[in-house]
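Here's the letter readout for the chains.
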Amino acid sequence: MYDIPTLQGATVDSKEIKFKCRDCQVYYGDNHAIKDVSCDLQDKTVTAFIGPSGCGKSTFLRCLNRMNDTIDVARVTGDFMLDGENIYDKKVDPVQLRAKVGMVFQKPNPFPKSIYDNVAYGPRIHGLAKNKAELDEIVEKALRRGAIWDEVKDRLDSSGTGLSGGQQQRLCIARAVATEPEVLLMDEPCSALDPIATAQVEELIDELRENYSVVIVTHSMQQAARVSQKTAFFHLGNLVEFGDTGQIFTNPSDPRTESYITGRIG
Amino acid sequence: MTDATAPSLPRKSKSLLAEDDRTKKRNAAEKRFKYYGIAAISVGLVFLVILVATILREGTPAFTRTAVTVDFVLTQEQFDEAESAVLKTAAYTRLFSQFVADQAEEKGVATDLTDEDRAEIAAGLERIMGKIGSDIRVHYRENPDDVGSPVRFNLAAASRVDAYLNNGQSRDGFVSSRFLEEQDLDLIDAMVEIDMIGSDWDRTFFFGSDSGVDNPGGAGIGVAVVGSFFMMIVVLVLSLPISVAASIYLEEFAPKNRFTDLIEVNISNLAAVPSIVFGILGLAVFIQFMHLPQSAPLVGGLVLTLMTLPTIIISTRASLKSVPPSIRDAALGVGASKMQTVFHHVLPLAAPGILTGTIIGLAQALGETAPLLLIGMVGFVARAYPDTFVGGFTEANSVMPAQIYTWASRADPGFYEKAWGGIIILLVFLLTMNIIAIILRRRFERRW
Amino acid sequence: MSQAGERPHIVSSYDRELESIQTHIMKMGGLVEAAITDAAQALVDRDVERAEAVRSADKAIDALEELITEETSKLMALRSPAGVDLRMILSVMRISGNLERIGDYAKNIAKRSIVLADEPDVNESAAALRRMAREVELMLKDALDSYIQRDEELAEVVIARDREVDQMYNAVFREFLTYMMEDPRNITHCMHLHFIAKNYERMGDHVTAIAEQVVYLTSGQRPDNDRPKADMTSEIKLEE
């Protein structure tokens, strides 16, 4: 008998769910920015959030590590269950949460310090290293994971802001993984990068999938198609469609998704 | 899909080689504006040059003084005679004058002097050298062993002599007075010829204290500099931490509501309040209510702290605001707490701006006069340096600008040049502070 | 489903490019339909001239296929189509391939009809072939209509109708087999006629494939593979 390969085999949902979000609402003052969003984000999977500007995808991403806390007028309701624990529980300290759910931002934003200090900062404030040797080890491991070790190993003392844009962004990713997070949030990580640097970061994201649950917000649909396994389409604060990336990009079930991915008016 | 698909109108192509009228007009306007700018800067530069030149011309004479240098020998008999006289200082003056007249005769300035001439010269010398007798008497009372041997006296001449020699006052316009008579000028010229009168650095001006209203030669700014120094310590120690803490709280932690808005508006308004208001407030609160010592640098520092706070707060907030939010995001994103974010990342990046603002605030405080006059830090209150470090804060003293103001308001023309000299010293301090500000900013400045 | 597909793109040149590909596919479809009709007519009329015309018309069909391939590959590279656009481009590529094959079969029929022009007719075999030709032609017309109108139902009907073509072929196959057994002199003649029938049967399969592309294009789903097959000739034994 021949083993007939099936399309379904590649996307069997056997992975455990990392983030379970139910009935999530976000208000900015009177503005209802996120309406009734429910979705499950899997472990060891890259999930892409796409949608037009102002659709709420970044807002929703920032809910996942409570970065919206820093905005006074933002109000978040609903269940955000990370491994069964609601991250908006009163007992949860956002600082601890952010060590578990790392974040990479749109603009590469290394601290104006040395490359070493950039990566070592997170482990230092969380007390992950007992001594200098351990810290060195963590830094090297993070820089290797960030796929930038070979480029910077000889100049760890030079400033992080002196690197090129793509290197800076990979440094920021290394900085984010240095605290051993379980979920990695990326808010348009390649929008400020050239195509080569973008490709390097995308390759890195694909490698990170082995260890983390990665959530990426992107304006580039091609990028979402390239790096993600699951795609969520947001429109006017609603989660319109959530499913396998292959299906979303060839045969979306909602006309709004179809219009968006094919570049149509409407 | 857009209106761009509408049929385009036929286009008339123009040559790029010829300027059209519109372009010509615009270019001319641009050129005109450039000239306006250059003219404005030139006017500013001219004023600056005039200002600096005037200050230097008027002020530098204050750094030197006209002194009479004489190797005086006082015999034991003369000493006894003077000490037994009724008017002891007058006796010394007479003895010294006689000695100088003898010297002059010896060196061939005047010959065949009659006693009448001698008396005239002695009277002239008294006018030239002011209250010379008391200085000589003090010297011999403190050093009795010097009696009988030559002692080099280097004594300040009267301020009118200084004005005559240094300021190039001409003889034609000279008006005799009881301070200096026309014939004294001949004597002065003669003494200059034999090097008995000459200029030297006025140490008294740099290191001395204020003097009486009729003795500009004895007036110095040193004590006022020390007063300014202690007052600035108070201002720095109080205003920097208070205003930085207030700015950080307002900028990073405080919720944005009506109350904080109100505070912000008030801080901005406070920066515009006239300084004299702070002076009268200090008088009422610190001196009359809290009974702190009058005229003390401590009180002056407190008053100027109130005045400097809004300046530093505004500049600190501006530099905190200028730190890119991406840095805050980055720190929060790796799990730093709000305070760690501020102290590890935001504050170091804002430091150059904060330091600049602080130094500008301090410089402003250093040059402030009006509020200090109200709390009694006028020129003449201190005649000596404070004895202890604590005394530096609590003992009555003056500050540079108040001292300058006091001198400028006095009648004796000798104080006029002292005031200009004081201005130069003050400017040197301000310039130094500004240079420090620039150096600090350069050092701490980081790009991101 | 088709709502989104009917809305214009934000970039209007994208619409124009898709329109151009669409036009070429329709033109190709028209040429192929004509080729089928003309080839069948040439066979019936023993019209060598018309048969030659069909042969040369195939060059135009091939050129159109080339053009469509070029346009689609360019569009794939430059526009990265997604969703309904992607499905349309994919189906256009396949449909143009199918049409080109159908055109080749028509040319082959025309070639054979030139040979057969000098041969005597064998019974009424030509009539059966003409029926097959008409059926395939109608199927192609419906398939192309369903493509234009994005009509999934019509496409499903076309797929079902392939069964009839297969059955006709079965019958013709048996018929020719009988003739050849009756009289060996008929063999050359009947072999040609049989290949013509076989060509019609293959055309039916390609038309079915086109209809399947229409189903995929409109629904996003591939039709089930186990569609009704009535071509039993591969199982017919000589002894029968």
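Residues numbered from 1 in each chain as written. Chains lettered and ligands numbered in written order. Predicted model: local features only at pLDDT ≥ 70, side-chain atom pairs only at ≥ 80, totals over all residues.

Undergrad: Whenever I open this one, the overall build of chain A confuses me. Can you help?
TA: The helix and strand tally for chain A stands at 10 helices and 10 strands. In summary, chain A has a C-alpha radius of gyration of 19 Å against a globular reference of 18 Å for 266 residues, a match within 12%. In terms of principal-axis extent, the alpha carbons of chain A reach across some 55 × 55 × 40 Å. Considering only residue pairs separated by 6 or more positions, chain A has 69% of its internal contacts joining residues 24 or more positions apart. (Helix = DSSP H or I, 4+ residues; strand = E, 2+ residues; numbered from the N terminus. Rg over C-alpha atoms; globule rule 2.2 N^0.38 Å. Contact = placed C-beta atoms within 7 Å.)

Undergrad: What exactly am I supposed to notice about the overall build of chain C here?
TA: Within chain C, the regular secondary structure consists of 7 helices and 0 strands. Reading the helices (α) and strands (β) of chain C from amino to carboxyl end gives α-α-α-α-α-α-α. By principal-axis analysis of the C-alpha atoms, chain C measures approximately 70 × 40 × 25 Å. The 240 residues of chain C split such that 41% are buried. Restricting to contacts in chain C with at least 6 residues of sequence separation, those with at least 24 account for 82%. (Buried ≥ 20, exposed ≤ 12 C-beta atoms within 10 Å, placed from the backbone.)

Undergrad: Got a minute to help me understand helix α6 (residues 165-177) of chain A in this structure?
TA: Counting along an α-helix, one turn takes 3.6 residues, and residues three or four places apart therefore face a common direction. All names here are of chain A. Helix length check: α6, at 13 residues, gives a terminal C-alpha distance of 19 Å against a target of 18 Å (1.5 Å per residue), a fit within 8%. With respect to burial, α6 is a largely interior element, 12 of its 13 residues being buried. Looking at α6, one finds that the buried residues are Gly166, Gln167, Gln168, Gln169, Arg170, Leu171, Cys172, Ile173, Ala174, Arg175, Ala176 and Val177. (Expected span 1.5 Å × (residues − 1).)

Undergrad: Explain the interface of chain B and chain A here, please?
TA: Think of interface size as the accessible area that goes away when the parts come together; that is how it is often given. Facing 19 residues of chain B, the contacting portion of chain A comprises 22 residues. Looking at the side of chain B that touches chain A, the elements that each hand over two or more residues are α13 (325-333) and α14 (338-366) of chain B. The element that contributes the greatest number of residues to the side of chain B that touches chain A is α13 of chain B, accounting for 6 residues. Along the lines of polarity and charge, the residues of the side of chain B that touches chain A split into 9 nonpolar, 6 polar and 4 charged. (Nonpolar A, V, L, I, M, F, W, Y, C, P; charged D, E, K, R; others polar.)

Undergrad: Hey, could you run me through the nonpolar core in this one?
TA: If you look at soluble globular proteins, the nonpolar side chains tend to sit buried side by side. All names here are of chain A. Counting residues in each nonpolar core, the largest one holds 79 residues, and the members touching the most others are Leu184 and Val215. Broken down by element, the residue count for this core peaks at 6 residues, all from α6. Beyond its immediate chain neighbours, meaning those up to four positions away, leucine 184 contacts Gly102, Val104, Ala176, Val177, Leu208, Tyr212 and Val214. (Core = buried A, V, L, I, M, F, W, Y, C linked by C-beta atoms within 7 Å.)

Undergrad: Looking at this structure, I do not really get the pairing of strand β2 (residues 31-42) of chain A. What am I missing?
TA: On any regular strand, side chains alternate: one points to one face of the sheet, the next to the other face. All names here are of chain A. For strand β1 (residues 17-28) and β2, the ladder comprises 8 bridges, and the chain directions are antiparallel. Within β2, the position partnered with tyrosine 28 by the bridge is asparagine 31. Connecting the antiparallel pair β1 and β2 is a turn made up of 2 residues, with glycine 29 showing a positive phi of about 65°. (Pairing = 2+ DSSP bridges.)

Undergrad: Explanation requested: the environment of alanine 199 of chain A in the structure shown.
TA: Residues and elements named next belong to chain A. Considering the arrangement of structural elements, one finds alanine 199 in helix α7 (residues 195-208). For alanine 199, a count of 15 C-beta atoms within 10 Å translates into the label partly exposed. Expressed as a C-alpha distance, the spacing of alanine 199 and serine 159, which sit 40 residues apart in the sequence, is 24 Å.

Undergrad: Which parts of the structure should I look at to understand unusual backbone geometry?
TA: Peptide bonds are mostly trans, and most non-glycine residues show a negative phi. Residue and element names in this part refer to chain A. Positive phi, normally seen in glycine, also occurs at aspartate 23, with a value near 50°. Here aspartate 23 lies in strand β1. Judged by the 11 C-beta atoms lying within 10 Å of it, aspartate 23 is exposed. Although it is not a glycine, aspartate 36 adopts a positive phi angle of roughly 50°. For aspartate 36, the position within the fold is in strand β2. Judged by local crowding, aspartate 36 falls into the partly exposed class, with 13 C-beta atoms found within 10 Å.

Undergrad: What am I meant to see in the sheet that holds β2 of chain A here?
TA: Strand pairing within a sheet occurs via backbone hydrogen bonds; the two strands may be parallel or antiparallel. Residues and elements named next belong to chain A. Reading across from one edge, β2-β1-β4-β5 is the order of the 4 strands in this open sheet, with antiparallel pairing throughout. If you trace the sheet from one side to the other, it starts and ends with β2 and β5 (85-86), each paired once. As paired elements, β1 and strand β4 (residues 74-82) share 8 bridges and run antiparallel to each other. Counterpart to glutamine 25 in the pairing with β4 is threonine 77.

Undergrad: Is there a simple way to think about the confidence of the model for chain A in this case?
TA: Caution is warranted with low-pLDDT regions, since their predicted coordinates should not be read in detail. All names here are of chain A. Taken as a whole, chain A shows an average pLDDT of 87; of its residues, 94% reach a score of 70 or greater. Ranking the elements of chain A by mean pLDDT puts helix α2 (residues 94-100) last, at 87, and strand β3 (residues 46-50) first, at 94. Under a pLDDT of 50 for its full length, residues 8-12 has, in the predicted model, 2 contacts with residues more than four places off or in other chains. (pLDDT = per-residue confidence, 0-100.)

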